[in-house]
Amino acid sequence: MQAVVQNDKIRASRRVSRASRPALRGVFRRRAAAATAVLAVAALAGGCAQDDSSDVRGAAGQQAPKAPPAREVDGAAKAREARAALVAAAKRWNLEKVPLAAPAPPGKKPEIKAREGFEVDGQEEDALPPVFTTVPTKEKIVFLTIDDGAEKDPAFLRMMSELKIPYTVFLTDDEIGDDYGYFKKMQARGITLNNHTLSHPYLPGLSYEEQRREICGMQDVMEKHYGQRPALFRPPYGNYNRDTLVAAKSCGIKYAPIWSEEVYVDHWEYREWDQDLHPGDIVLTHFRGRNDWDGTMTDMVRRFLDRITADGYAVARLEDYL
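Residues numbered from 1 in each chain as written. Predicted model: local features only at pLDDT ≥ 70, side-chain atom pairs only at ≥ 80, totals over all residues. Heavy atoms only, no water.

**Things to note about the overall build of the chain**
And step 1. Assigned secondary structure in the chain consists of eight helices and nine strands.
And step 2. Looking at the chain as a whole, 40% of its 322 residues qualify as buried.
And step 3. Taken as a whole, the chain presents about 18,700 Å² of accessible surface, with 52% of it coming from carbon and sulfur. (Helix = DSSP H or I, 4+ residues; strand = E, 2+ residues; numbered from the N terminus. Buried < 20%, exposed > 50% of the residue type's maximum accessible area, 1.4 Å probe, protein only. Areas by Shrake-Rupley, 256 points an atom, 1.4 Å probe, with all protein chains shown as cover.)

Right, here's the structure in full:
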């Protein structure tokens, strides 16, 4: 039996090592290939991460700018378009300046009472419709109201629609009966149609029943042609007595506004001693044309708007304050 000494162990290990080298080289090659594959995958992942813009960050404390919401952009664009259209309309209708925009209606509507000296007996006790000439407000606004309906000028409808001017009308059946459709177009544009009696009589000269027939009869006409019974009534010529207001209340009327100023195509008339406009004033005019005026409805509107705009006033919608 041969003894195994150190030299023999070394020689044996060398023989074993030489014999196993091919197998070991195969193992190393497989490990190297696997490592290379891992590195390649890592490199690809790193490359994808670098290309992904969602992972890019700015300097500390900074945020990437954000685009404004689409609704804000659309709203601003629409506002610019509306302003440009208004400027163009003012030029087209030969106004000196673009009309001023009225402020938003008040959240709480003002209390409307009969003007001092315009009350009738039992005004408050019987809760009769108040007669008033001005709406309580500190805003520089006035209210345009137009009576009877004799003139039916299509240009007037276009002008008021293009300029976005609100107004309130008080109609008389004798004047509108030949063309109810004209005022239907007006109503479709958001204009409120109100009561100015059937035949425009001097009401204090009539009996209670006759007055009630004039007012309630017009309520019936308005409901038939325009689908509603008005809450506003203006007595013809601004004349009335207790019977007028009692009859108006029985017909469903809540307010009886008259006016502070009246505008014609060539001049103004004032109720107040200072001959001037005041916040909340109600302005009267009529549906008239060249048969009665030296001009047209659009001429009258131009005069009205040029005057109030120069004085810093805007036109507001009367119904928004009642």
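Back to the text.
**Quick notes on unusual backbone geometry**
And step 1. Phi is positive for Lys 164, close to 60°, though the residue is something other than glycine.
And step 2. Inspection of the secondary structure puts Lys 164 in the loop between α3 (154-163) and β3 (168-171).
And step 3. Since its relative accessible area comes to 65%, Lys 164 is described here as exposed.
And step 4. Phi angles above zero are rare outside glycine, and Tyr 237 is one such case at about 65°.

**A short note on the packing of α3 against helix α8 (residues 297-310)**
And step 1. The contact between α3 and α8 brings their axes to 8 Å, and the two run at 30°. The angle between α3 and α8 falls in the class roughly parallel. Residues Ala 155, Phe 156, Met 159, Met 160 and Leu 163 of α3 form the contact with α8, whose own contacting residues are Met 297, Thr 298, Val 301, Arg 302 and Leu 305.
And step 2. Its residues assigned to classes, the contact of α3 with α8 comprises eight nonpolar, one polar and one charged. (Axes fitted to C-alpha atoms, helices over the stretch in contact; angles between N-to-C directions. Parallel < 35°, antiparallel > 145°, perpendicular 65-115°, else oblique. Contact = heavy atoms within 4.5 Å. Nonpolar A, V, L, I, M, F, W, Y, C, P; charged D, E, K, R; others polar.)

**A closer look at the pattern of salt bridges**
And step 1. Overall, the coordinates contain 14 salt bridges when judged by the stated rule.
And step 2. The partner of Arg 115 in a salt bridge is Glu 272, with the nearest N and O atoms 2.8 Å apart. Pair noted here: Arg 115 is in the loop between α2 (70-92) and β1 (131-132) and Glu 272 is in the loop between β7 (268-270) and β8 (281-286), with a separation of 157 residues, a long-range link.
And step 3. The class of Arg 115 is partly exposed, set by a relative accessible area of 25%.
And step 4. A network of salt bridges, in which partner residues are shared, links Asp 220, Glu 223 and Arg 229. (Salt bridge = Lys/Arg side-chain N within 4 Å of Asp/Glu carboxyl O.)

**Here's the deal with the side chain of Thr 296**
And step 1. Residue position: Thr 296 is located in the loop between β8 and α8.
And step 2. Judged by its relative accessible area of 17%, Thr 296 falls in the buried class.
And step 3. Excluding residues that lie within four positions of it along the chain, Thr 296 makes contacts with Asp 153, Val 265, Arg 288 and Arg 290.

**Considerations on the side chain of Gln 187**
And step 1. Looking at the element boundaries, Gln 187 is found in helix α5 (residues 180-188).
And step 2. Within the structure, the side chain of Gln 187 is placed 3.0 Å from the backbone oxygen of Tyr 226, a separation counted as a polar contact.
And step 3. Beyond its immediate stretch of four places on either side in the chain, Gln 187 contacts Leu 193, Tyr 226 and Gln 228. (Polar contact = N/O pair within 3.5 Å; in protein donor to acceptor, adjacent residues only side chain to side chain.)

**Details of the packing of α3 against α5**
And step 1. Two numbers describe how α3 lies on α5: the axes approach to 11 Å, and their chain directions differ by 5°. On the basis of the axis angle, α3 is roughly parallel to α5. Residues Pro 154, Phe 156 and Leu 157 of α3 lie in contact with α5, whose contacting residues are Tyr 182, Lys 185 and Met 186.

**Here's the deal with α5**
And step 1. Taken together, the buried positions of α5 are Tyr 182, Phe 183, Met 186 and Gln 187. Buried positions in α5, seen along its axis, are confined to an arc of 140° and lie on one side of it. In α5, those exposed residues whose orientation departs by more than 90 degrees from the buried face are Lys 185 and Ala 188.
And step 2. Looking at the buried side of α5, the elements it contacts are α3, β3, α4 (173-176), β4 (192-195) and α6 (208-226).
And step 3. Following α5 by one or two positions, Gly 190 has its phi on the positive side, about 95°. (Arc of directions from axis to C-beta.)

**Section: the state of the cysteines**
Among covalent bonds in proteins, the disulfide is the one between the sulfur atoms of two cysteines.
And step 1. Evaluation of the coordinates by the stated rule reveals one disulfide.
And step 2. The disulfide bridge from Cys 216 ends at Cys 251, spanning 1.7 Å between sulfur atoms. Between Cys 216 and Cys 251, the S-S torsion sits near -90°, and that sign places the bridge as left-handed. A residue pair is termed long-range when its members are at least 10 positions apart, and Cys 216 in helix α6 and Cys 251 in the loop between α7 (242-250) and β5 (256-257) qualify at 35 residues. Note on accessibility: Cys 216 and Cys 251 belong to one class, buried. (Disulfide = S-S within 2.5 Å.)

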